[in-house]
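Understanding the architecture of this molecule
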Amino acid sequence: MGRATAVNGVLDVPVIDISAWADGTAADRAGIAGEIDRAARTVGFMQIQGHGIADAAAHAFAAALDAFFALPMDEKKALRAPSPDVNRGYTPPRTEKLSLSLGVPAAAEDLFEAFNVGAEAAAYPDLALPAAHYPANIWPALPGFREAVEEWCTQAGGLARRLTGIFAHALGLPADHFAPFTDHSLDVLRMNHYLLPEREVPLDRDQMGMGAHTDYGIVTVLWADRVPGLQILDTDGRWHDVLPEPGCLLVNLGDLLARWTNDRWLSTLHRVLPPTDATGRVVRRRSAAFFHDGNWDAEISCLPGCVPAGTEPLYPPTTVGRHLAEKLGGSRAGKPNANSPREAARLRAAKGD
Ligand SMILES: O=C(O)CCC(=O)C(=O)O
Ligand SMILES: [Fe+2]
């Protein structure tokens, strides 16, 4: 595992321009893959420039997200999933505890409200996928909302898939290595909104916007307001603020890449503090995490080249479906996940704020 560069205590989340990936020379591609490998080994987060997603798609998506969260609470609550196991629809504020996805208790429910959409079994009629893992989406009756959100999923999903091609190169694997793990990937978009009504009492110190967690899948494409709140944990156990540079999308690696690479690549712990202004008032912040999580039935075990001779892999084999169910059972259904001991230990060892 490498070490991230901090300058005056501020962690450098590398900006990586991938625009030359498609048509560049072999040297261009090797350069991009090398930068990705370095960021993946040292930080687990990166800022992708040259991603090719038009500003117009981001603006239309942000407008849709605003229109949704501005709906009256009773209309939003009518869009809740029938049970917490169904990772779709609306999640009211103070419903989830993300740190339970690691099995670490939290004093209070996380502040965020969210709206989730994802891959549906109906999109793969030939595969007879289980509806429990690929449930139908729940859409609000907001003109243009579904179109803007689906377009964002197409764009973010395209970027995630392009990135897995770069990851394969960076790991010395065939270009299409990840294809059999992702041809019916369980992708989910979680739109997050951090806001408190004016009348709320001041927040407790341990109130989280979103509790500490790692992302569960392969790779996350994270669109976020340039409002402080997001923090990532470095390999020395210190939290650092992260703000995306204008025009960049944040990208972070999820647990499956850590498992495949035996922690050569990092699934970085992150959290969101309640976003506040200089006077300590909570201000509005928006983000949207597109999770490229892999096929629910894909088996995940360590890549052969990543286990040093004479040692055992750091993680036991699992399937995407089992791993996601354990994680979501923690965050959404309040059942502490006992199967993330390595990530939980990293959080427990984190230094105070
Ligand atoms: O709000 C953010 O910036 C991060 C959100 C996040 O980590 C998530 O949705 O998994
Ligand atoms: Fe996350």
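Refer to the structure presented above.
In this report, we go over the structure that sits alongside the text. (Residues numbered from 1 in each chain as written. Chains lettered and ligands numbered in written order. Predicted model: local features only at pLDDT ≥ 70, side-chain atom pairs only at ≥ 80, totals over all residues.)

1. Description of the overall build of the protein chain
- Secondary structure assignment for the protein chain yields 8 helices and 16 strands.
- Taking 2.2 N^0.38 as the reference for a compact globule, 353 residues should give roughly 20 Å; the C-alpha atoms of the protein chain span a radius of gyration of 19 Å, in line with that estimate.
- In terms of overall dimensions, the protein chain has a C-alpha envelope of 60 × 50 × 40 Å along the principal axes.
- Every one of the 353 residues in the protein chain was classed for burial, and the buried ones make up 44%.
- The contacts in the protein chain between residues at least 6 apart in sequence include a share of 77% that link residues at least 24 apart. (Helix = DSSP H or I, 4+ residues; strand = E, 2+ residues; numbered from the N terminus. Rg over C-alpha atoms; globule rule 2.2 N^0.38 Å. Buried ≥ 20, exposed ≤ 12 C-beta atoms within 10 Å, placed from the backbone. Contact = placed C-beta atoms within 7 Å.)

2. Looking at the packing of helix H1 (residues 26-42) against helix H4 (residues 145-170)
- Two numbers describe how H1 lies on H4: the axes approach to 9 Å, and their chain directions differ by 90 degrees. With respect to each other, H1 and H4 are oriented roughly perpendicular. On H4, the residues that touch Arg-29, Ile-32, Ala-33, Ile-36 and Asp-37 of H1 are Ile-166, Phe-167, His-169 and Ala-170.
- Here the contact of H1 with H4 is composed, by residue class, of 6 nonpolar, 1 polar and 2 charged. (Axes fitted to C-alpha atoms, helices over the stretch in contact; angles between N-to-C directions. Parallel < 35°, antiparallel > 145°, perpendicular 65-115°, else oblique. Nonpolar A, V, L, I, M, F, W, Y, C, P; charged D, E, K, R; others polar.)

3. As for the environment of Thr-42
- Among the structural elements, Thr-42 can be located in helix H1.
- Separated by 30 residues in sequence, Thr-42 and Asp-12 place their C-alpha atoms 10.0 Å apart.

4. Here's the deal with the environment of Ser-267
- Among the structural elements, Ser-267 can be located in the loop between helix H6 (255-261) and strand E13 (270-272).
- Ser-267 sits in the buried class, given 28 other C-beta atoms within 10 Å.
- When residues no more than four places from it in sequence are discounted, the contact partners of Ser-267 are Gly-44, Thr-214, Asp-215, Leu-253, Gly-254, Asp-255, Leu-257 and Ala-258.

5. Comments concerning the sheet that holds strand E4 (residues 45-49)
- Spatial ordering of the open sheet is given by E3-E4-E12-E9-E14-E7-E6-E5, a layout of 8 strands whose pairing is mixed. The open sheet is flanked by strand E3 (15-17) and strand E5 (89-91), the only strands paired with a single partner. Adjacent strand axes in the sheet meet at a mean angle of 25 degrees when their direction is disregarded.
- Note that E4 and strand E12 (residues 249-253) share 4 bridges and pair antiparallel. Within E12, the position partnered with Gln-47 by the bridge is Leu-250. (Pairing = 2+ DSSP bridges.)

6. Observations regarding the nonpolar core
- Grouped together as the largest cluster of nonpolar side chains are 87 residues, with contacts concentrated most on Ile-36, Met-46, Ile-166, Leu-189, Val-251 and Phe-290.
- Of all the elements, H4 adds the most residues to this core, at 11 residues.
- Apart from residues no more than four positions distant in its own chain, Ile-36 is found in contact with Ile-16, Met-46, Ile-166, Phe-167 and Ala-170. (Core = buried A, V, L, I, M, F, W, Y, C linked by C-beta atoms within 7 Å.)

7. Things to note about helix H7 (residues 320-331)
- When the terminal C-alpha atoms of H7 are compared, their 16 Å separation across 12 residues agrees well with the 16 Å that a helix rising 1.5 Å per residue should span.
- If you follow the buried residues of H7, they end up packed against strand E8 (210-213), H6, strand E15 (299-300) and strand E16 (318-319). (Expected span 1.5 Å × (residues − 1).)

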